Amino acid sequence: MGRVSGKVTLITGAGDGIGKATAKLFAKEGAKVFCVSRTASKLEAVVKEIKAAGGEAAYAAADLSKFEGASSAFKAALDTYGHIDVCVNAAGVGYSWEEQSPGSMNDTATCEPEKWREVMAINLDSLFYMCRLAVPHMQARKKGSIVNVASIYGMIGVPNAHAYTASKGAIINYTRSLAVTYIGDGIRSNCLCPGFIDTGMVAKVTPLFQDPAIGKQISPSARPGTAQEMAFACLFLGSDESSYCNGSILVADGGSIAQ
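The following paragraphs examine the structure supplied in this document. Here the structure is a predicted model, which is why all the values come from computation and not from measurement.

Looking at the pattern of salt bridges
No. 1: Throughout the structure, instances matching the rule amount to 12 salt bridges.
No. 2: With a closest N to O distance of 3.8 Å, Glu44 and Lys48 form a salt bridge. With a gap of 4 residues between them, Glu44 and Lys48 both fall in helix α2 (residues 40-52), about one helical turn apart.
No. 3: Here Arg141 and Asp85 are joined by a salt bridge, their closest N and O atoms 3.0 Å apart. Note that Arg141 is positioned in helix α5 (residues 113-141) and Asp85 in the loop between α3 (67-81) and β4 (86-89), a separation of 56 residues in sequence.
No. 4: Given a relative accessible area of 26%, Arg141 falls into the partly exposed group.
No. 5: Owing to a relative accessible area of 10%, Asp85 belongs among the buried residues under this scheme.
No. 6: Connected through shared salt-bridge partners, Lys20, Lys24 and Glu49 make up one network.

Following this line, the structure appears as structure tokens:
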């Protein structure tokens, strides 16, 4: 028996990074996984990997920054599996988004309003939309688990990427609000705050760990985390193993903010 055996799990951002690793791990642990992100080709590849390993998975490509996209993805998950036990919201953009959308990771004085709205829509609005859809469904079933992926940059100040840090800080407190509001309906809500993780989102930063001195300044562990390590954190928060965790903010950063 796996740790989430038989649980239907919807995972956003499942085409890359933490979301992809989480989808594969949940499937390995017995969940029926429904993968969502923007790019169908990436999702198709993930689902193929899961099925090749003996797991069960399906997918829908959608733009979650729009409520219509989130609604279509949620409906597709219900049409496929009938219900949703766990919702892991891992979709979002970070520093690498600057390459695709110049100016999106600027500070307040130089961030254009449309760039602010763009990052907020992708990181925060999309998460709200998925929770807006998931909560009533879980209320009707009197059970459910929501895992929101934020960042340590939602907990500390940084000199740039102000839209990003604001969105991640909002996710943290939004998760707390979900937790206190819906626990009476059997819904637990928890938040994961990763540090520097070796994914494409922070690809420009991870080479700095090759210098031990600089690496220790970034994290006392002197290495970036892995997407797999974050997937295990999501698995814990999403599974019944964390049944007394509600409103928890799990920091997984190798000790970065501890120093």
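So much for the structure itself; the text now carries on.
Focus: the environment of Thr206
No. 1: With respect to the secondary-structure elements, Thr206 resides in the loop between β6 (187-194) and α7 (212-218).
No. 2: The buried category is assigned to Thr206, whose relative accessible area is 13%.
No. 3: Sequence separation of Thr206 and Pro113 is 93 residues, and the distance between their C-alpha atoms is 29 Å.

Some words on helix α6 (residues 162-182)
No. 1: The terminal C-alpha atoms of α6 lie 30 Å apart, and with 21 residues this matches the ideal 30 Å at 1.5 Å per residue to within 8%.
No. 2: Buried within α6 are the following residues: Ala163, Tyr164, Thr165, Ser167, Lys168, Ile171, Ile172, Thr175, Leu178 and Ala179.
No. 3: If you follow the buried residues of α6, they end up packed against α5, β5 (144-149), β6 and β7 (249-252).

Overview of the nonpolar core
No. 1: Ranked by size, the top nonpolar core spans 48 residues in total, and within it Leu10, Phe34, Leu64, Phe74, Ile84, Met130 and Met138 carry the most contacts.
No. 2: Among the secondary structure elements, those contributing two or more residues to this core are β1 (8-12), β2 (32-37), β3 (56-61), α3, α5, α6 and β6.
No. 3: For this core, the element with the most residues is α5, which contributes 12 residues.
No. 4: By size, the runner-up hydrophobic cluster in this structure holds 32 residues, among which are Ile11, Ala31, Ala231 and Ala233.

Examining the packing of aromatic side chains
No. 1: If you walk through the whole model with that rule in mind, you get 6 aromatic pairs.
No. 2: Between the aromatic rings of Tyr95 and Tyr153, the centroid separation amounts to 6.2 Å while the plane-to-plane angle is 75°, which identifies the pairing as edge-to-face. Of this pair, Tyr95 sits in the loop between β4 and α4 (97-100) while Tyr153 is found in the loop between β5 and α6, placing the two residues 58 residues apart along the sequence.
No. 3: When its relative accessible area of 27% is taken as the criterion, Tyr95 is described as partly exposed.
No. 4: When the centroid spacing of 5.8 Å and the interplanar angle of 55° are considered together, the rings of Phe128 and Tyr129 count as tilted.
No. 5: Since its relative accessible area comes to 39%, Phe128 is described here as partly exposed.
No. 6: Feature note: the residues Phe67, Phe128, Tyr129 and Tyr174 constitute an aromatic cluster, connected by ring pairs.

Calculation notes
- Residues numbered from 1 in each chain as written.
- Predicted model: local features only at pLDDT ≥ 70, side-chain atom pairs only at ≥ 80, totals over all residues.
- Heavy atoms only, no water.
- Salt bridge = Lys/Arg side-chain N within 4 Å of Asp/Glu carboxyl O.
- Helix = DSSP H or I, 4+ residues; strand = E, 2+ residues; numbered from the N terminus.
- Buried < 20%, exposed > 50% of the residue type's maximum accessible area, 1.4 Å probe, protein only.
- Expected span 1.5 Å × (residues − 1).
- Contact = heavy atoms within 4.5 Å.
- Core = buried A, V, L, I, M, F, W, Y, C linked by side-chain atoms within 4.5 Å.
- Phe/Tyr/Trp six-rings, centres within 6.5 Å; stacked < 30°, edge-to-face > 60°.

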